[in-house]
Structure formats: C-alpha cells, structure tokens
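Structural characterization, general
These are the residues of each chain, in order.
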Amino acid sequence: MLATFRAELGAVVRSASPVLIGLLELDGLPLDHAVALIMPQDDWPRKPRLAPSPFNLSRRPLTLPAKYTSARLPQALSYPANGYRYDRPDGGHLHLQVMDHSLELVARIGRALFVTRFGELRIELADELPEAIVTACLGRMIDEVVDHPALRGRGWPIVDFEDSGMPLAGHELIVRTGSVPYRMPWSR
C-alpha cells in the first residue's frame, strides 16, 4: 500500500514552498527525507489524492479567497491533507502538507503562525499592530519586518495584510514567495 501511495504522490506533486524547504533545513531535515515520512491517512485509498473534490481543485489553479486564512480553512479546501507533523526544537511545530500539486506547511514559530499556499506565505501575528505600522510594511521585504533565519535574504515582498478576524489576534502579513519545482525522490 505504501508503494502505491507514494506512486500516487509522485504523479501529483510538482512544486514545494521555499519557506517549507528553509524551515526543514534549519531543523536539519532535508525535504527529500521529510517527504519519506508522509504516510497515507486512514481513509486512503477510499479517498485517493486524485479523487475529484467539491471544488475540483486538481483541475484549476487555486487562489484562496481572503476570508480563508490559516485558522479558518474549510475542510473541502484542505482535502486531502496527507502530511507529516513534528515538534520543532524552538517549542513550535511544523506540519508538512500535500495540498493539490504542492508541498505546503502550517508552522507555529514563537507566537506567530506561518501558513503557505501556492506561492503565498501568511504570517498570522499574535498581537494587533497599529494600522500605520502594518501599512508601512507594504512593499517591504519580509526579512526587514520579521527576523527569522528562514526568511533572511530571500527578497520576498509583503504584498498585503489582513485583520485576522479572530478575537485577541493580530494581523496577517501576506508575502509573495513563489513556489519551486519539486518531484518526489522516488519519482525522479
């Protein structure tokens, strides 16, 4: 079953988030080793990766509407989320997720939540910032605003921000990171 599952992922996955790759490298886990830890969910193969979803995700590019932030992704948009989760040395966690054709992440880093989806990084801040400060961040590189080794020197611009919409939560910075081509090691 594992060989069939891996063949299916190998046929589908063709890109990865560079943020995911950077965070894994900081934790000493190369992406090729991390993907080997992905196991099928309990409902696989009854719900294979290539099964049509209610939103037909595998047939068109996905741009998440602004209301679908990291904490509020509806189940239909996150299907299927085969992946691997581990606790990070800094006390946070990282969840590597297979989303449509890409390897993405949800990671708790300190008091911030990092979520990637198809070339976009959303950083949900724990605290509310004054609107003037958040507005001043627009167009700046993320490493000028958030100090983290995985973000340094990447040239990723902050393109937008949103109020998280959650009580007692801060803003979400939206960063354009792009995606990098990636094939599963067993499919090269």
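This structure is a prediction, so every number in the text was calculated from the model and none was measured.

As a further point, take the overall build of the protein chain. Assigned secondary structure in the protein chain consists of six helices and nine strands. Across the 188 residues of the protein chain, 46% fall into the buried class. Within the protein chain, residue pairs in contact and separated by at least 24 positions form 59% of the contacts whose partners lie at least 6 positions apart. About 9400 Å² of surface is accessible on the protein chain, with carbon and sulfur atoms providing 56% of the total.

Bringing the pairing of strand 8 (residues 171-176) into the picture now. Counting buried positions over the six residues of strand 8 gives five, a clear majority of the element. Inspection of the sheet shows strand 6 (residues 120-124) paired to strand 8 by five bridges, in the antiparallel sense. Considered in strand 8, the bridge of Glu124 is made with Glu172. Relative to strand 8, strand 7 (residues 158-163) runs antiparallel, the two being bridged by five bridges.

A positive phi angle, close to 55°, is found at Asp100, a residue other than glycine. Positionally, Asp100 belongs in the loop between strand 3 (93-99) and strand 4 (102-109). Of note, Phe118 is a non-glycine position whose phi angle comes to about 50°, a positive value. Topologically, Phe118 is positioned in the loop between strand 5 (112-117) and strand 6. Its relative accessible area of 21% is what places Phe118 among the partly exposed residues.

The subject of this paragraph is the side chain of Ser102. Structurally, Ser102 is set in strand 4. A relative accessible area of 0% means that Ser102 is categorised as buried. Side-chain polar atoms of Ser102 contact the side chain of Ser15, separated by 3.2 Å. Polar side-chain contacts of Ser102 include one of 2.6 Å to the side chain of Glu104. Once residues within four sequence positions are removed from consideration, Ser102 is found in contact with Ser15, Ala16, Ser17, Gln97 and Phe118.

Another point: the pairing of strand 3. Where burial is concerned, most of strand 3 is hidden: six out of the seven residues are buried. Between strand 2 (residues 83-87) and strand 3, which pair antiparallel in sequence order, lie five residues; one of them, Gly91, sits at a positive phi of approximately 95°. As paired elements, strand 3 and strand 4 share seven bridges and run antiparallel to each other. Residue pairing for strand 4: His95 is matched across the bridge by Val106. Linking strand 3 back to strand 4 in an antiparallel pair, the connection comprises two residues, with Asp100 at a positive phi of about 55°.

What counts, and at which threshold
Residues numbered from 1 in each chain as written. Predicted model: local features only at pLDDT ≥ 70, side-chain atom pairs only at ≥ 80, totals over all residues. Heavy atoms only, no water. Helix = DSSP H or I, 4+ residues; strand = E, 2+ residues; numbered from the N terminus. Buried < 20%, exposed > 50% of the residue type's maximum accessible area, 1.4 Å probe, protein only. Contact = heavy atoms within 4.5 Å. Areas by Shrake-Rupley, 256 points an atom, 1.4 Å probe, with all protein chains shown as cover. Pairing = 2+ DSSP bridges. Polar contact = N/O pair within 3.5 Å; in protein donor to acceptor, adjacent residues only side chain to side chain.

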